[in-house]
Amino acid sequence: MSNSDHKPLPFSWIEEIFQTMFNNYGSEFARKWSSGVLDAHKNDEGLQSIKKAWCVKLGGFVNDKGAIKNALLNLPEHPPSLPAFEALCKQFRTTEAYHALPNHLSETAIKNGKLQLDAIKRMLETSAMLKGKHHVEAD
């Protein structure tokens, strides 16, 4: 799925991400994106532009705020680029990750697996009953 298939993250989320980055990296992070040119609202145009790009690029996590939160809790030593932060978020994906695993098992394989699990359960139950019987006889 391409980034264009996702709606962008809310700008307020990016503001929070950038604030967390600034809190962690200070001016090293701000210098990475700052253009030094201020808009009419006295916001750095470089920062505003890059924030919009982050909104779009990280849109795949709009339904997975947990991935972003965990990425922010596990930041690298130096400020990440957008691709590096996106990769970090992917490591902490909390939704859809399990749906990505394909199921290549046939119905027969699934049925056989269930039969094997049932046999294992019976063996464990028998073992537990025998242990309980030995404890009772020893008393």
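Please read these numbers as outputs of a predicted model, since none were measured by experiment.

(A) Quick peek at the overall build of the protein. Each helix and strand in the protein was counted, giving 6 helices and 0 strands. Going residue by residue from the N terminus, the α and β elements of the protein occur as α-α-α-α-α-α. Residues classed as buried in the protein amount to 24% of the 139 residues present. Once local pairs closer than 6 in sequence are excluded, the contacts in the protein between residues at least 24 apart make up 68%.

(B) Fine view of unusual backbone geometry. Here Lys 42, not a glycine, exhibits a phi torsion of approximately 65°, which is positive. With respect to the secondary-structure elements, Lys 42 resides in the loop between α2 (27–33) and α3 (45–57). Given the relative accessible area of 67%, Lys 42 is considered exposed.

(C) The packing of helix α4 (residues 65–73) against helix α5 (residues 82–91), seen in detail. Running from N to C, α4 and α5 point in directions that differ by 115°, and their axes come no closer than 8 Å. Here α5 runs roughly perpendicular to α4, going by the angle between their axes. In this structure, α4 crosses over α5, and the sense of that crossing is right-handed. On α5, the residues touching Ala 67, Ile 68, Ala 71 and Leu 72 of α4 are Phe 85, Leu 88 and Cys 89. The class makeup of the residues in the contact of α4 with α5 is 7 nonpolar, no polar and no charged.

(D) Just the packing of helix α1 (residues 11–25) against α4, in detail. Where α1 contacts α4, the two axes come as close as 11 Å, and the packing angle between them is 15°. As judged from the angle between their axes, α1 and α4 are roughly parallel. Crossing angle aside, the handedness with which α1 passes α4 is right-handed. Residues Trp 13, Glu 16, Ile 17, Thr 20 and Met 21 of α1 form the contact with α4, whose participating residues are Lys 65, Ile 68 and Leu 72. Classifying every residue of the contact of α1 with α4 by side-chain character gives 5 nonpolar, 1 polar and 2 charged.

(E) Quick peek at the side chain of Gln 48. Structurally, Gln 48 can be placed in helix α3. Ignoring anything within four residues of it in the chain, the contact list for Gln 48 reads Phe 11, Glu 15, Asp 39 and Asn 43.

(F) How the structure looks around the pattern of salt bridges. Tallying each qualifying case throughout the model produces 2 salt bridges. Between Lys 51 and Glu 15 there is a salt bridge, and its shortest N-O distance comes to 2.9 Å. With Lys 51 in helix α3 and Glu 15 in helix α1, this pair connects stretches of sequence that are 36 residues apart. Lys 51 sits in the buried class, given a relative accessible area of 9%.

(G) Representation of α4 within the structure. When we look at burial in α4, the residues that qualify are Ala 67, Ile 68, Ala 71 and Leu 72. Considered in projection along α4, the buried side chains sweep an arc of 135° and stay on one side of the axis. Projecting away from the buried face of α4 at angles above 90 degrees are the exposed residues Lys 69 and Leu 73. The secondary structure elements touched by the buried residues of α4 are α1 and α5.

About the thresholds
- Residues numbered from 1 in each chain as written.
- Predicted model: local features only at pLDDT ≥ 70, side-chain atom pairs only at ≥ 80, totals over all residues.
- Heavy atoms only, no water.
- Helix = DSSP H or I, 4+ residues; strand = E, 2+ residues; numbered from the N terminus.
- Buried < 20%, exposed > 50% of the residue type's maximum accessible area, 1.4 Å probe, protein only.
- Contact = heavy atoms within 4.5 Å.
- Axes fitted to C-alpha atoms, helices over the stretch in contact; angles between N-to-C directions.
- Parallel < 35°, antiparallel > 145°, perpendicular 65-115°, else oblique.
- Left-handed = near helix turned anticlockwise from the far one by under 90°.
- Nonpolar A, V, L, I, M, F, W, Y, C, P; charged D, E, K, R; others polar.
- Salt bridge = Lys/Arg side-chain N within 4 Å of Asp/Glu carboxyl O.
- Arc of directions from axis to C-beta.

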